[in-house]
Amino acid sequence: MFDDFLVRAVLAGLGVALAAAPLGCFVVWRRMAYFGDATAHAAILGVALSLLLSTSMLAGVLAVSLLMAVVVSQLSGRGYAMDTLLGVMAHSALAFGLVAVSFVSGVRIDLMAYLFGDILAVGKSDLMIIAAGAILVVSLVGWRWSALLTATLDEDLARASGIDPRREQLVLTLSLAVVVAVALKVVGVLLIAALLIIPAAAARPLCRTPEAMALAAASIGACSTTGGLQAAYWLDTPTGPTIVSLAALIFVVTSVVGRLCYSRSRAVGPE
Amino acid sequence: MPLLSIDNLSVALGGHSVLEGIDLSVDRGEIVTLVGPNGSGKSTLLRAIIGAVRPSRGRVTREAGLVIGYVPQRLAIDPTLPLTVFRFLNLPRRHSRQALAQALVQAGVPELGQQQVADLSGGQFQRILLARALLEKPDLLLLDEATRGLDHRGTADFYRQIAKVRSELECAVMMVSHELHVVMRASDRVVCLNGHVCCQGTPERVLASPVYRQLFGPDTSDALAFYRHSHPQPSSSQCPAPEDAGAEAPPTTPAKAANDRLMEASR
């Protein structure tokens, strides 16, 4: 059944959506949205480097994303204006990557495939990598869940309970780099952060606990990827952007529904 | 062997020396209060104890396996994080349903379990923070201005609960507070901090010390009066009875005369 490219595409989309959901929740809770962007944009530099050095694409992307994530998390909390710094880092990484790609001669590469992804071209080996990455990230985040959550609430509170917030930050950083590396093929560099943030943000109004939000984000992510693939097939549109557009529509719906429910519960009074 | 001993601790934040040469130890069952003006390093000392700031010199030695309950000065929960009170109390370790319910009753907010933490008032959240710290059955409870945002009744309940917890868990309590009169009454030892330990000892001793008076200025006498007032003391320090005041007939100062006139006019 893995011979059908549509089946492979659906499975790849589901894998990425599941891995991105719990991580995306932390990205939202910790206000790291731009951090995700910077890590993802650095991936194009990884692509260029691995083409230049003719190493494995996965290794190149993983290495550069990880480096970017570590640099950014080291610079955070040192009194820099974080949004400016990340804006500089994210877009210069992208620009340097694009410039570096142009130096690669002899190989005709489809730049669009890296910028916007090409989920329909996912091969069996890609699928293996996505599966392995998703399992790794989900189990890592699942294992550290309570500690990550406590460190997200307050670093001092975590320390008093014997949790090292820097270690938890490193877990997130690592997971983020892995998700970027495996999602590259599915939605591309420009839209990876969207796949992290939009399902989590769409899940927020529907949930009362962090666990529920992670599960809801996973479901919304899964719906967006499978539905987006369908829609792209019918409408003959690019798949990555269609997936993200669908997620964005779901976000609009849950926001409106959440607001209505909230104001109704306010009118009735808290139970 | 004390629960916690601090030897020659110095901390610098952003190049500024905040704490200098602190020597302090805390024993089991003791309530220690840190007092000092703003910026005197009280919160920094607590943060050094939990390991959130790295000392530039000296060290903090905790008893092996010491469980710390920490109530921070402020905690902002991002509204994007959905969190019920029950879930918050279960972080980082889960507790039985019964223990959670009991903790909320003790904190005086039994009905809040299903509420979202972000919707709580400041005072309610403060109680929840204490409840969470107590669930861990701490050996050492660190309270950083924990009664901020509590009403009068809430503050009284809070200190009563601290005293009860201390005798039940036999834990030590170390707290920072600006409510000098209440805090002093509740503590065994007062440490007056201003970058270094200015003086320490029983509340009476610290209140009487010239260093303390110098730091806190004319308000000191108020704290003292309030403090004494609330204890049954020998008659000499109690409020004079009305007939005594009449018999002694203090000399009438111009200010007092003016005051009397004002009283007269208001009648």
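From a predicted model like this one, the values you see are computed outputs, not experimental measurements.

Thresholds, definitions, all that
- Residues numbered from 1 in each chain as written.
- Chains lettered and ligands numbered in written order.
- Predicted model: local features only at pLDDT ≥ 70, side-chain atom pairs only at ≥ 80, totals over all residues.
- Heavy atoms only, no water.
- Phe/Tyr/Trp six-rings, centres within 6.5 Å; stacked < 30°, edge-to-face > 60°.
- Helix = DSSP H or I, 4+ residues; strand = E, 2+ residues; numbered from the N terminus.
- Buried < 20%, exposed > 50% of the residue type's maximum accessible area, 1.4 Å probe, protein only.
- Axes fitted to C-alpha atoms, helices over the stretch in contact; angles between N-to-C directions.
- Parallel < 35°, antiparallel > 145°, perpendicular 65-115°, else oblique.
- Contact = heavy atoms within 4.5 Å.
- Nonpolar A, V, L, I, M, F, W, Y, C, P; charged D, E, K, R; others polar.
- Left-handed = near helix turned anticlockwise from the far one by under 90°.
- Buried area = accessible area lost by both parts, 1.4 Å probe.
- Salt bridge = Lys/Arg side-chain N within 4 Å of Asp/Glu carboxyl O.
- Polar contact = N/O pair within 3.5 Å; in protein donor to acceptor, adjacent residues only side chain to side chain.
- Pairing = 2+ DSSP bridges.
- Expected span 1.5 Å × (residues − 1).
- Bend = angle between axes of the 7 residues up to and from the residue.
- Core = buried A, V, L, I, M, F, W, Y, C linked by side-chain atoms within 4.5 Å.

### Observations regarding the packing of aromatic side chains
Inference 1: According to the stated counting rule, one finds 5 aromatic pairs over all chains in the structure shown.
Inference 2: Both rings, one in Phe 26 of chain A and one in Trp 29 of chain A, keep their centres 5.1 Å apart while their planes meet at 80 degrees; by these two values the pair is edge-to-face. Taken together, the positions of Phe 26 of chain A and Trp 29 of chain A, both in helix H1 (residues 5–29) and 3 residues apart, correspond to about one turn of that helix.
Inference 3: For Phe 26 of chain A, a relative accessible area of 0% puts it in the buried group.
Inference 4: On the basis of relative accessible area, Trp 29 of chain A is assigned to the buried category, the value being 3%.
Inference 5: Ring plane angle 45 degrees and centroid distance 5.9 Å describe the contact between Phe 88 of chain B and Phe 125 of chain B, whose orientation is recorded as tilted.

### Considerations on the packing of helix H9 (residues 165–187) of chain A against helix H10 (residues 192–203) of chain A
All names here are of chain A.
Inference 1: For the pair H9 and H10, interaxial distance at closest approach is 8 Å and the crossing angle is 110 degrees. With respect to their mutual orientation, H9 and H10 come out roughly perpendicular. Across the interface between the two elements, Leu 176, Val 179, Val 180, Ala 183, Leu 184 and Val 187 of H9 pack against Ile 192, Leu 195 and Leu 196 of H10.
Inference 2: Of the residues in the contact of H9 with H10, the class split is 9 nonpolar, no polar and no charged.

### Observations regarding the packing of helix H2 (residues 33–52) of chain A against helix H3 (residues 57–75) of chain A
Residues and elements named next belong to chain A.
Inference 1: Where H2 meets H3, the closest approach of the two axes is 7 Å, and the angle between their N-to-C directions is 140 degrees. Taken as axis vectors, H2 and H3 run oblique relative to one another. Between H2 and H3 the crossing geometry is right-handed. Mapping the contact onto sequence places Phe 35, Ala 38, Thr 39, Ala 42, Ala 43, Leu 45, Gly 46, Val 47, Leu 49, Ser 50 and Leu 51 in H2 and Met 57, Gly 60, Val 61, Val 64, Ser 65, Met 68, Ala 69, Val 72 and Ser 73 in H3.

### Some details on the side chain of Glu 136 of chain B
Inference 1: Secondary-structure assignment places Glu 136 of chain B in the loop between helix H4 (122–135) and strand S6 (140–144).
Inference 2: Setting aside residues no more than four positions away along its own chain, Glu 136 of chain B makes contact with Val 67, Pro 92, Arg 93 and His 95 of chain B.

### Re the interface of chain B and chain A
Inference 1: Tallying the contact residues gives 29 residues for chain B and 26 residues for chain A.
Inference 2: Summed over both sides, the interface of chain B with chain A buries roughly 2400 Å², with 53% coming from carbon and sulfur.
Inference 3: Linking chain B to chain A there are 3 salt bridges.
Inference 4: With a shortest N-O distance of 2.4 Å, Asp 78 of chain B and Arg 31 of chain A are connected by a salt bridge.
Inference 5: On inspection of chain B and its partner chain A, the count reaches 11 residue pairs in polar contact (both at pLDDT 80 or more).
Inference 6: Secondary structure elements with two or more residues in the side of chain B that touches chain A: helix H1 (42–50), strand S5 (68–71) and helix H2 (85–89) of chain B.

### With respect to the sheet that holds S6 of chain B
Residue and element names in this part refer to chain B.
Inference 1: In space, the 6 strands of this open sheet follow the order S5-S6-S7-S3-S8-S9, with mixed pairing throughout. The open sheet has two edge strands, S5 and strand S9 (197–201), and neither has a second partner. Here the average twist between neighbouring strands, direction ignored, is 15 degrees.
Inference 2: Sitting on the sheet, H1 is in contact with strand S3 (31–35), S5, S6, strand S7 (172–176) and strand S8 (189–193), with an inclination near 145 degrees to S6.
Inference 3: Here helix H5 (residues 152–169) sits on the sheet and contacts S3, S6 and S7; the angle it forms with S6, its principal contact strand, is near 165 degrees.

### Remarks on the pattern of salt bridges
Inference 1: Scanning the entire structure with this criterion turns up 15 salt bridges over all chains.
Inference 2: With a closest N to O distance of 2.6 Å, Arg 47 of chain B and Asp 156 of chain A form a salt bridge. Of this pair, Arg 47 of chain B sits in helix H1 while Asp 156 of chain A sits in helix H8 (residues 155–160), which puts the two residues in different chains.
Inference 3: Among the residues examined, Asp 156 of chain A registers a relative accessible area of 12% and is labelled buried.
Inference 4: Note that Glu 136 of chain B and Arg 93 of chain B form a salt bridge whose closest N and O atoms lie 3.1 Å from each other. Residue Glu 136 of chain B is located in the loop between H4 and S6, and its partner Arg 93 of chain B is located in the loop between H2 and helix H3 (97–106); the two are separated by 43 residues in the primary sequence.
Inference 5: By relative accessible area, Glu 136 of chain B is classed as buried at 17%.
Inference 6: Classification of Arg 93 of chain B by relative accessible area gives partly exposed; the value is 41%.
Inference 7: Each of Arg 144, Arg 167 and Glu 168 of chain A takes part in one network of salt bridges that share partners.

### Section: the environment of Leu 169 of chain B
Residues and elements named next belong to chain B.
Inference 1: Secondary-structure assignment places Leu 169 in helix H5.
Inference 2: Overall, the relative accessible area of 27% leaves Leu 169 in the partly exposed class.
Inference 3: With 35 residues separating them along the chain, Leu 169 and Leu 134 place their C-alpha atoms 9.3 Å apart.

### Points about H1 of chain A
Residue and element names in this part refer to chain A.
Inference 1: Its 25 residues place the ends of H1 36 Å apart at the C-alpha level, agreeing with the 36 Å of an ideal helix rising 1.5 Å per residue.
Inference 2: The sharpest bend along H1 measures roughly 35 degrees and falls at Ala 21, with the proline Pro 22 sitting one to four residues further on.
Inference 3: Of all 25 residues that make up H1, 18 are buried, and the element is covered over most of its length.
Inference 4: After H1 finishes, the residue Arg 31 shows a positive phi value of roughly 55 degrees.

### Quick notes on the sheet that holds strand S1 (residues 4–13) of chain B
In a beta sheet, neighbouring strands are held together by backbone hydrogen bonds and run either parallel or antiparallel to one another.
Residue and element names in this part refer to chain B.
Inference 1: Strand order in the open sheet formed by 3 strands is S2-S1-S4, with antiparallel pairing between adjacent strands. Every other strand in the sheet has two partners, leaving strand S2 (16–26) and strand S4 (57–62) as the edge strands with one partner each. Here the average twist between neighbouring strands, direction ignored, is 25 degrees.
Inference 2: The sheet contacts of H1 involve S1, S2 and S4, and relative to S1 the element is tilted by about 115 degrees.

### Focus: the nonpolar core
Inference 1: By size, the foremost hydrophobic cluster in this structure holds 114 residues, and its most contacted members are Leu 45, Phe 88, Leu 140, Leu 143 and Met 174 of chain B.
Inference 2: Top element by residues in this core is H1 of chain A. It accounts for 9 residues.
Inference 3: Sequence-distant contacts of Leu 143 of chain B, that is, excluding residues within four places in its chain, are made with Leu 46, Val 71, Leu 130, Phe 158, Ile 162, Val 173, Met 174, Met 175 and Val 176 of chain B.
Inference 4: Counting residues in each nonpolar core, the second largest holds 34 residues, with Ile 44, Tyr 114, Val 187 and Val 189 of chain A among its members.

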